Amino acid sequence: MKRSQEEIRYWSMAPDALLTQLRSSSAGLTGVDAADRLKTDGENTIQRSRSSSPVLLFLAQFKSPIILIMLVATAISAATGDWLDSLIISAIVLGSAVLSFLQEYSASNAVAKLRSRIQMLCTVLRDGTLMQVPSTQLVPGDVIKLSAGSIVPADGIVLDDTDFLVDQSVLTGEAVPVEKHTGTVSENTELAKRDNCVFMGTTVHSGSATILLVRTGGGTEFGSISAQITARPPETEFESGIRRFGYLLTAMMLILTVFVFVVNVVFKKPVIDSLLFSVALAVGITPQLLPAIINITLSRGSRIMASTGVIVRRLTAIENFGSMDILCTDKTGTLTEGSVRLDRALGLDGAPSEEVFRAAYLNSSLQTGLVNALDEAILSFRRIDIGSVQKRGEIPYDFYRKRLSVIAEENGACRLITKGALSQILQVCSKARVGSVDQALDPAALADIHQRFSDWSGQGFRVLGVAQKSIPRKDPKDYAVSEEADLTLIGFLLFFDPPKADAAQTIADLAQRGIQLRIITGDNALVAKHTACAVGLCVDNLLTGAELLKMDDEAARRAIEAASLYAEMDPSQKEQIILTLKKNNHVVGYMGDGINDAPALHAADVSISVNTAVDVAKEAADFVLLEKNLDVLRRGIELGRAAFNNTLKYIYITTSANFGNMFSMAGASLFMSFLPLLPKQILLINFMTDFPAMTIAGDAVDSESIAAPRRWDIKRLRNFMLVFGFISSAFDYLTFGVLLLGFRANQELFQSGWFVLSILTELMLLLVMRTQKPFYRSKPAPALLYSTIGVGAITLILPYLPMASILNITPIPLPILLALLGIAALYILATEIAKRYFFRARTRVPSSRMA
């Protein structure tokens, strides 16, 4: 942004003067001028954090306090003369960091490419013609069009407006949308009171406007305070589980490390060696690859989901996808074809009416606010000539009035034409046209109307009312909502959206996977119930917005939990339903594509929209579907559960194996005259087992593991770590006895034998514990199998290589090696038996609570 553009107090300038200063016009910029300004001012984006740059991502691999302590202790060791061991330890730590960095960087790049497929487009005037361009390509001087649901792409002033209300709470905290209009305000007017301006990041609540952009990118108000206003997204359940797991691991690690260090010093072992050994134990028990495993698993899932038509905007939501047990959606386009068509335009007598259709056609063709399927259905039903009609004003649609009015002049007479939800139209009508006669809208007439409405709704038709009245001509800005009074109801519009042929099967598939489908819609209850029944969705309890409004908090909580269909809901009630279900311990997904869905999308654990949705809905979504299809979601749910399952595999296997080995070493260091393993050997074990562990991200998953939602259970994870950790320790102490008492092994032979056994048992554990089935009945992914075999072969060969001496590893005699292999076989047999009992007990606990 040029400095001169930053300094001008554009809100105090007349629009014409500002257009002149920006070298623009009401017809917008030319394409050439816009391209030149884009080169000068840069793209219309906020400067992103550089934390994802390669250098900072690599440095982030060393941010763990444990790693830093290890490096400091290694430096001290080198300073005291033990430079070779220090060099080896440093190389191993560096190698682990490089391995993790390469995987995370590759995954991050893949995700960035997928996200770039979802672009926010903006309607802009270029060369006097309206066109769609990516919002990143906008420049100062551009003239753009905004309507309900749009996200304001940059800062600017209002050139023209129609009942234009903007939600700018992201900047000002105001809960109520603010009316914006043309004009000027004084130079010293504070931001919240600049009612002639719009600001980047705010959203259009209702109405429409033409905007002259003045500031873009980092020069906007949003850009200048982005660091302060960018809130961290709400923590997902998976992130919460990882955090709680981290607390558990940190506590165990600190206790073990301090205990071992103090005991070794008390037994008068060298301080530096004791420090290196205790810190190496801490490194050994830490699942260092967990961030990389999570990133790889999620990015792999996002790539697969992209191939099925789902773009992931927030990676961590994939795990929540797998935990989701309730999916809420509007019926339109998910359970129905989404191709709404006008079936009939009828008079109050139920007969086809040209007058009603013409009034509806004028209303739809002249309105300039929210683009919607109903208006498109009216305009595509049949074209008529309205060349003699002039638009004189508009009262845009909003989601609380549920009406839209236009003022049309024809043959010198003005009339207000209103269409909308029948109940809302009836609220502003005092008369009804029967034939060519206007009559009072008395109770008998209302009863007849309601009966027709019920009959049509019960057949699955969505019914709108059409009303009108004569109105004086005046300035377009003087028409207000108050004009919608004393109207004459002239007829009905019947719309139909047929159910999808495969909706019933998809709903059944979701139910088999432990997911309830619930419908939340603004449509009337009869239409919604008809659609639900048509696709085989059992509606035991139906809750309407009017009923919910009368309930206290506890009654609402019970009613929301019991219902499977929520009809006639306004945006705030949709959000209330989602929040209540979450409080009732559900993981809730919500699928929506309208501005009225934005609050519910923000509230949901898993938010889903479509590529054709309004900007504010796409921006709120974790997932964007390239097509509106529930079956695509089913596949996404399976991928989410697979990602969750593979992440937990790594956590379970590495923490239990590492905990067992580290506990054994801690205990052995108390009664042995030498360290059971040298720090560099501990780190090398960690490094070598990282290679096959990394491939868990792409491992095959048993069908039983993704059959139901899964959730974190820290208590069970702790029990798993303790049970299988102590089994590992028991065999470690058996190994100690065999080596020290049976073979009278010296220090180097003992360390070499246990080094080999530690790696072999952890590799075998990978293959055994990756499945709840007997390990020979579940086929691992080729990468996991081959990397495990490869590392195992290297481990067996390593003691006999010339380089083994620098690791203080000595050749192992054949009798000892055979004994170690026998212990490993017994360990795997014991683990397999324990696994069956552990997971058999697990199945007696509801699966929705398990991790």
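The rules we used
- Residues numbered from 1 in each chain as written.
- Predicted model: local features only at pLDDT ≥ 70, side-chain atom pairs only at ≥ 80, totals over all residues.
- Heavy atoms only, no water.
- Helix = DSSP H or I, 4+ residues; strand = E, 2+ residues; numbered from the N terminus.
- Buried < 20%, exposed > 50% of the residue type's maximum accessible area, 1.4 Å probe, protein only.
- Contact = heavy atoms within 4.5 Å.
- Areas by Shrake-Rupley, 256 points an atom, 1.4 Å probe, with all protein chains shown as cover.
- Salt bridge = Lys/Arg side-chain N within 4 Å of Asp/Glu carboxyl O.
- 1 Å grid on protein atoms, 1.4 Å probe; cavity = no way out; pocket = protein on both sides within 12 Å on 5 of 7 lines; lining within 4 Å.
- Points joined across faces, edges and corners; volume = space filled by probe spheres on them.
- Nonpolar A, V, L, I, M, F, W, Y, C, P; charged D, E, K, R; others polar.
- Expected span 1.5 Å × (residues − 1).
- Phe/Tyr/Trp six-rings, centres within 6.5 Å; stacked < 30°, edge-to-face > 60°.
- Lys NZ or Arg CZ within 6 Å of the ring centre and 35° of its normal.
- Axes fitted to C-alpha atoms, helices over the stretch in contact; angles between N-to-C directions.
- Parallel < 35°, antiparallel > 145°, perpendicular 65-115°, else oblique.
- Left-handed = near helix turned anticlockwise from the far one by under 90°.
- Pairing = 2+ DSSP bridges.
- Core = buried A, V, L, I, M, F, W, Y, C linked by side-chain atoms within 4.5 Å.
- Patch = residues over 30% accessible without salt bridge, like charges linked within 9 Å, V, L, I, M, F, W, Y side chains within 5 Å.
- pLDDT = per-residue confidence, 0-100.

A. Spotlight on the overall build of the protein. If you tally the helices and strands in the protein, you get 30 helices and 23 strands. In the protein, which comprises 851 residues, the proportion classed as buried is 57%. For the protein, contacts bridging at least 24 residues in sequence account for 74% of all contacts bridging at least 6. Of the roughly 35,100 Å² that the protein leaves accessible, carbon and sulfur atoms contribute 58%.

B. Focus on the pattern of salt bridges. Considering all chains together, one arrives at 28 salt bridges under this definition. A salt bridge links Arg401 to Glu484, with the nearest nitrogen and oxygen atoms 2.7 Å apart. With Arg401 in the loop between strand E11 (390–395) and strand E12 (403–410) and Glu484 in the loop between strand E16 (462–470) and strand E17 (487–496), the pair connects residues that are 83 residues apart, well separated along the chain. Of the residues examined, Arg401 reaches a relative accessible area of 10% and is grouped as buried. Among the ionic pairs, Asp438 bridges to Arg433, the shortest N-O distance being 2.8 Å. The class of Arg433 is buried, set by a relative accessible area of 19%. A single network of salt bridges, built from pairs that share partners, joins Arg194, Arg215 and Glu221.

C. Focus on empty space enclosed by the protein. All chains considered together, the criterion is met by six cavities of 30 Å³ or more. One number sums up the size of the largest cavity: a volume of about 150 Å³. Considering the residues around the largest cavity, the lining is formed by 13 residues, among which Asn645, Lys649, Tyr652, Met769 and Gln772 are closest to the centre. Here the second largest cavity is characterised by a volume of approximately 70 Å³. Where the lining of the second largest cavity is concerned, the elements lending two or more residues are helix H25 (630–671), helix H26 (679–694) and helix H28 (747–769). The residue inventory of the lining of the second largest cavity, partitioned by class, reads five nonpolar, six polar and one charged.

D. Fine view of helix H22 (residues 571–583). Here H22 spans 19 Å end to end across 13 residues, near enough to the 18 Å set by a 1.5 Å rise per residue. Those residues of H22 that sit buried are Pro571, Gln573, Lys574, Ile577, Ile578, Thr580 and Leu581.

E. Quick peek at the packing of aromatic side chains. In this structure the tally under the stated criterion is 19 aromatic pairs. Between the aromatic rings of Phe720 and Phe838, the centroid separation amounts to 5.4 Å while the plane-to-plane angle is 85 degrees, which identifies the pairing as edge-to-face. Here Phe720 is found in helix H27 (residues 714–742), whereas its partner Phe838 is found in helix H30 (residues 814–842), with 118 residues between them in sequence. Phe838 carries the same exposure label as Phe720, and that label is buried. Put simply, the rings of Tyr652, Phe720, Phe724, Phe838 and Phe839 touch in pairs and so form one group of aromatic residues. Lying across the ring of Trp11, Arg194 places its NZ or CZ 3.6 Å from the centre.

F. Fine view of the packing of helix H14 (residues 354–366) against helix H15 (residues 373–381). Two elements in contact, H14 and H15, have axes whose closest approach is 9 Å; the angle formed by their N-to-C orientations is 125 degrees. One finds that H14 runs oblique with respect to H15. The hand of the H14/H15 crossing is left-handed. Between H14 and H15, the contacting residues are Phe357, Ala360, Tyr361, Ser364 and Ser365 on the first element and Asp375, Ile378, Leu379 and Phe381 on the second.

G. Here's a closer look at the pairing of strand E7 (residues 203–215). Counting buried positions along E7 gives twelve out of 13 residues, so the element sits mostly inside the fold. As paired elements, strand E3 (residues 143–147) and E7 share five bridges and run antiparallel to each other. From the neighbouring strand, Ser147 faces E7, where its bridge partner is Ser208. Relative to E7, strand E4 (residues 155–167) is paired through ten bridges, and the arrangement is antiparallel. Bridge pairing links Asp160 to Thr210 in E7.

H. Just unusual backbone geometry, in detail. Phi is positive for Asn411, which is not a glycine, with a value near 55 degrees. Summarising the element assignment, Asn411 is placed in the loop between E12 and strand E13 (413–421). Here Glu568, not a glycine, exhibits a phi torsion of approximately 60 degrees, which is positive. Looking at the element boundaries, Glu568 is found in the loop between strand E20 (565–567) and H22.

I. Highlighting the nonpolar core. Residues Phe321, Tyr566, Ile578, Ile608, Phe623, Trp712 and Phe755 are the most contacted members of the largest nonpolar core, which totals 133 residues. Counting residues per element, this core draws most heavily on H25, at 17 residues.

J. Quick look at the sheet that holds strand E18 (residues 516–520). Here eight strands make up an open sheet; going across it, the order is E8-E23-E22-E21-E9-E18-E20-E19 and the pairing mixed. Taken across any chain shown, the strands that pair with only one partner, and hence form the sheet edges, are strand E8 (310–312) and strand E19 (542–544). If you compare each strand with its neighbour and ignore which way they point, the axes differ by 20 degrees on average. Taken together, the four bridges between strand E9 (residues 326–329) and strand E21 (residues 588–591) define a ladder with parallel strand orientation. Of the residues in E21, the one forming a bridge with Ile326 is Val588. Along the sheet face, H22 touches E9, E18, E20 and E21 and points at about 160 degrees away from the line of E21.

K. A look at a nonpolar patch on the surface. Residues Val258, Phe259, Val262, Val266, Phe267, Phe663, Leu670, Phe671, Phe726 and Tyr733 make up a contiguous nonpolar surface patch of about 930 Å² in total accessible area. Among the secondary structure elements, those contributing two or more residues to the nonpolar patch are helix H10 (237–266), H25 and H27. The dominant element in the nonpolar patch, judged by the number of residues it contributes, is H10, at four residues. Topologically, Phe671 is positioned in helix H25.

L. Main features of the confidence of the model for the protein. Confidence along the protein averages 82 in pLDDT terms, with 85% of residues attaining 70 or more. Below pLDDT 50 for its whole length, residues 1–6 participates in 15 contacts with residues either more than four positions away or in separate chains. In the model, residues 843–851 has pLDDT below 50 throughout and makes 25 contacts with residues more than four positions away in sequence or in other chains.

M. Representation of the packing of H26 against H28 within the structure. Two elements in contact, H26 and H28, have axes whose closest approach is 10 Å; the angle formed by their N-to-C orientations is 25 degrees. When the interaxial angle is binned, H26 and H28 end up roughly parallel. The handedness of the crossing between H26 and H28 comes out as right-handed. Listed contacts from H28 to Gln681, Leu684, Ile685, Met688, Thr689, Pro692 and Ala693 of H26 are Gln751, Phe755, Ser758, Ile759, Glu762, Leu763 and Leu766. Residue composition of the contact of H26 with H28, grouped by class: nine nonpolar, four polar and one charged.

N. Local environment of the environment of Ser436. Tracing the backbone shows Ser436 in the loop between strand E14 (429–434) and strand E15 (437–440). Between the C-alpha atom of Ser436 and that of Ile490, which follows or precedes it by 54 residues, the distance is 9.7 Å.

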